[in-house]
Amino acid sequence: MAMEIREDDWMVCCGSSDFSKLMVKASPFSSLEAAIESARDIWFNRVNVAAWLEAFAAHPQIGKSPSPSSNSDFARRSVTEQSTAFATTSASALEELTEWNALYRERFGFIFIICASGRTHAEMLAELKGRYANRPIVELEIAAKEQMKITELRMAKLFSEKAKVVPQTDSTKPQEDRLRIIGGHLNVAEAPKRSRPPITTHVLDVSRGAPAVGVEVHLEVWNGTTSPSFGHGGRGDWSMVGTSATDKDGRSGQLMDLVEALKPGTYRISFNTGKYCPGGFFPYVSIAFEVTESQKMEHFHVPLLLSPFSFTTYRGS
């Protein structure tokens, strides 16, 4: 039986109002699994960075309880998830965690986000120190993925609670779904069907501190008997896969078909930075990357961090 879930329930799961509104529009869901699939698509493809930051800000800082004035079910749920950590810590460890939290927030502009369920403060502190060295765009996406883990675990709890009120034709289904989702964070689970193309990108304009809108993007694949290499093209040529332009959130439209398995080979994604920023140092930016047979089921996300005189990119899974 499909469950009706309200916007404030989704806010407890995630903390983003845009995410919650879109989940209400996408509902009702026949199962937890269907809701998780929709939630991932909304979180990673449809809401913008401001929605991510709103969700991050809803959390109390790792190692701290909500303020006495807080009446937030979301914040109280965060403390419950840190129960293992609070039971295995000391005053000195909390003090060190507080110091590193402050350094992290000063560097990245948002609090440290990690799926805390079952983890000790020592484990989270080690993770915080390791992630502190990341570039801001890398850390933003890691934090978004950690937030999605938290959201999925809370959705499992929500569906379990709703199942006690709404009769189920198969009483074992919510438990099976919940174990499958939680297990996916501990082990390598079966890959879900894609909800987005296997190659995506977005562009952030660091000179403005905002998404870059209207950047023309081309995706090509290499056709040839030898692979292209630095200094010479090899025997072959580039074939166009798809073109698009970035939207108000800096995300490109669909650059290729929604295929389940990506054809192995060398791909090139190019950005018309000269048109976006006339007089800038780069007339265009191209990034080439190789997809092997063992990677054909992966998702390749190639964001670009752009300023008039520099750019940074990396491949995110």
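Residues numbered from 1 in each chain as written. Predicted model: local features only at pLDDT ≥ 70, side-chain atom pairs only at ≥ 80, totals over all residues. Heavy atoms only, no water.

**Here we look at the confidence of the model for the protein chain**
- With 76% of its residues at a pLDDT of at least 70, the protein chain reaches an overall mean of 80.
- Mean pLDDT in the protein chain bottoms out at helix H10 (residues 173–184), which sits at 52, and peaks at helix H2 (residues 17–26), which reaches 95.
- Scored below 50 in pLDDT, residues 166–172 shows seven contacts in the model against residues more than four places distant or in partner chains.
- In the model, residues 185–192 has pLDDT below 50 throughout and makes six contacts with residues more than four positions away in sequence or in other chains. (pLDDT = per-residue confidence, 0-100. Helix = DSSP H or I, 4+ residues; strand = E, 2+ residues; numbered from the N terminus. Contact = heavy atoms within 4.5 Å.)

**Brief notes about the nonpolar core**
- In this structure, Trp10, Trp43, Phe56 and Met155 are the most contacted members of the largest nonpolar core, which totals 44 residues.
- Elements supplying a minimum of two residues to this core: helix H1 (7–13), H2, helix H3 (32–46), helix H4 (49–57), helix H7 (91–108), helix H8 (121–131) and helix H9 (136–165).
- Of all the elements, H9 adds the most residues to this core, at ten residues.
- Setting aside residues up to four positions removed in sequence, Met155 forms contacts with Trp10, Cys13, Met23, Leu32, Ala35, Ile36 and Ala39.
- Of all hydrophobic cores here, the second largest spans 21 residues; its members include Val217, Leu255, Tyr267 and Phe300. (Core = buried A, V, L, I, M, F, W, Y, C linked by side-chain atoms within 4.5 Å. Buried < 20%, exposed > 50% of the residue type's maximum accessible area, 1.4 Å probe, protein only.)

**Looking at the environment of Asn48**
- On the secondary structure map, Asn48 appears in the loop between H3 and H4.
- Taking the C-alpha atoms as reference points, Asn48 and Asp18, separated by 30 residues in sequence, lie 8.8 Å from one another.
- A distance of 3.1 Å separates a polar side-chain atom of Asn48 from the backbone nitrogen of Ala50. (Polar contact = N/O pair within 3.5 Å; in protein donor to acceptor, adjacent residues only side chain to side chain.)

**Some details on the sheet that holds strand E7 (residues 285–291)**
- Strand order in this open sheet of four strands is E5-E4-E6-E7, and the pairing throughout is antiparallel. Strands with a single pairing partner mark the edges of an open sheet, and in this sheet they are strand E5 (236–245) and E7. Strand-to-strand twist in this sheet, taken as the mean axis angle between neighbours without regard to direction, amounts to 25 degrees.
- Taken together, the five bridges between strand E4 (residues 216–224) and strand E6 (residues 265–271) define a ladder with antiparallel strand orientation. (Pairing = 2+ DSSP bridges. Axes fitted to C-alpha atoms, helices over the stretch in contact; angles between N-to-C directions.)

**A closer look at the pattern of salt bridges**
- Evaluation of the coordinates by the stated rule reveals ten salt bridges.
- Arg6 is paired through a salt bridge with Asp9; the nearest N and O atoms lie 3.7 Å apart.
- Note that Glu293 is salt-bridged to Lys296, the shortest N-O span being 2.7 Å.
- Connected through salt bridges with shared partners, the residues Arg6, Asp8 and Asp9 form a single ionic network. (Salt bridge = Lys/Arg side-chain N within 4 Å of Asp/Glu carboxyl O.)

**Quick look at the environment of Gly15**
- Mapped onto the elements of the fold, Gly15 is located in the loop between H1 and H2.
- Once the C-alpha coordinates of Gly15 and Ala58 are considered, the two residues, 43 residues apart in sequence, prove to be 5.7 Å apart.

**Description of the packing of H2 against H3**
- Their axes nearest at 10 Å, the elements H2 and H3 cross at an angle of 135 degrees. Between H2 and H3, the angle is such that the two are oblique. Between H2 and H3 lies a crossing whose hand is right-handed. On H3, the residues touching Phe19, Leu22, Met23 and Ala26 of H2 are Ala35, Ser38, Ala39, Ile42, Trp43 and Arg46.
- Taken together, the residues of the contact of H2 with H3 break down into eight nonpolar, one polar and one charged. (Parallel < 35°, antiparallel > 145°, perpendicular 65-115°, else oblique. Left-handed = near helix turned anticlockwise from the far one by under 90°. Nonpolar A, V, L, I, M, F, W, Y, C, P; charged D, E, K, R; others polar.)

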